[in-house]
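# Fold and geometry: a report
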Amino acid sequence: MIAFLLSVALAATCPETKLIGFNGPLNEDDTAALNSAKKRCGEIYPESPCLKTFEKRGELNYRAICGK
């Protein structure tokens, strides 16, 4: 629970995520994947809790880069 609260607090201090490969507005799948990646960065990499780059590589195929 503490790790979750810490990741939420740190996410509020992260800079805006750079989006790559998106043509037009994000659809529901894109938004769900983006939100999941933002959450998972803090869970998997506590030293690098911010989602720096989120790239769409194809249909339902994404790459997320976490950082400080």
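Below is a summary of the structure that appears in this document. Residue numbers run consecutively from 1 along every chain, following the written order of its sequence. With the structure being a predicted model, the display of local features is reserved for residues of pLDDT at least 70 and the display and counting of side-chain atom pairs for 80 or more, all residues being used for whole-chain, interface and lining totals. To obtain the side-chain values, all non-hydrogen atoms of the structure were used and water was disregarded.

### Concerning the overall build of the protein
Strands here are runs of E lasting at least two residues and helices are runs of H or I lasting at least four, both read from the DSSP assignment and numbered beginning at the N terminus. Counting its regular elements, the protein contains 2 helices and 3 strands. For the protein, the α and β elements follow one another from N to C terminus as α-β-α-β-β. Only protein chains enter the accessibility calculation, which uses a 1.4 Å probe. A residue is then buried if its area is under 20% of the maximum for its type, exposed if over 50%, and partly exposed in between. Counting over 68 residues, the protein shows a buried share of 28%. Sequence-distant contacts, at least 24 apart, represent 42% of the contacts inside the protein between residues at least 6 apart. Accessible area for the protein stands at about 4,800 Å²; split by element, carbon and sulfur atoms hold 56% of it. Between two residues, a contact is recorded if the distance between any of their heavy atoms is within 4.5 Å. All accessibility values rest on the Shrake-Rupley procedure with a 1.4 Å probe; residue burial counts only the protein chains present in the view.

### Digging into the packing of aromatic side chains
Aromatic ring pairs are described here by two measures, namely the spacing of the ring centres and the angle between the planes. Two aromatic rings, drawn from Phe, Tyr or Trp (for Trp, its six-membered ring), form a pair once their centres lie within 6.5 Å of each other, and the interplanar angle then sorts them: stacked below 30 degrees, edge-to-face above 60, tilted otherwise. Summed over the entire model, instances satisfying the criterion amount to 2 aromatic pairs. Between F54 and Y62, the ring centres sit 5.2 Å apart and the planes meet at 15°, which makes this aromatic pair stacked. Assessed through its relative accessible area of 2%, F54 is described here as buried. A connected cluster of aromatic rings, assembled from ring pairs, spans F22, F54 and Y62.

### Considering the sheet that holds strand β3 (residues 61-67)
One open sheet accounts for 3 strands, arranged β1-β2-β3; its pairing is mixed. The open sheet has two edge strands with one neighbour each: β1 (18-20) and β3. For this sheet the average axis-to-axis angle between neighbouring strands, irrespective of direction, equals 15°. For strand β2 (residues 50-58) and β3, the ladder comprises 7 bridges, and the chain directions are antiparallel. Within the sheet, the bridge partner assigned to L51 lies in β3 and is C66. Running at roughly 145° to β2, helix α2 (residues 28-44) makes contact with β1, β2 and β3 of the sheet. Two strands are counted as paired when DSSP detects at least two bridges linking them. Here an axis means a line fitted to C-alpha atoms, over the contact stretch when the element is a helix, while the angle between two N-to-C directions is reported on a 0 to 180 degree scale.

### What about the pairing of β2?
Pairing between β1 and β2: 3 bridges, direction parallel. Along β2, the bridge assignment pairs K18 with T53. Running through α2, the crossover from β1 to the neighbouring parallel element β2 is left-handed. For a crossover, the right-handed case is the one in which the path from the first strand over the helix to the second runs clockwise, viewed with the strands pointing away from the viewer.

### Some thoughts on the state of the cysteines
Covalent bonding between the sulfur atoms of two cysteines defines a disulfide. The criterion for a disulfide is a pair of cysteine sulfur atoms lying within 2.5 Å. Evaluated as defined, the whole model comprises 2 disulfides. Across a sulfur-sulfur distance of 2.0 Å, C14 and C50 are joined as a disulfide pair. The sign of the S-S torsion, about -80°, decides the handedness of the disulfide formed by C14 and C50: left-handed. Of this pair, C14 sits in the loop between α1 (2-11) and β1 while C50 sits in strand β2, and the two are 36 residues apart along the sequence. C41 shares a disulfide with C66; S-S distance 1.9 Å. The sign of the -75° torsion about the S-S bond sets the C41-C66 disulfide as left-handed. Of this pair, C41 sits in helix α2 while C66 sits in strand β3; the two residues are 25 residues apart in sequence, bridging distant segments of the chain.

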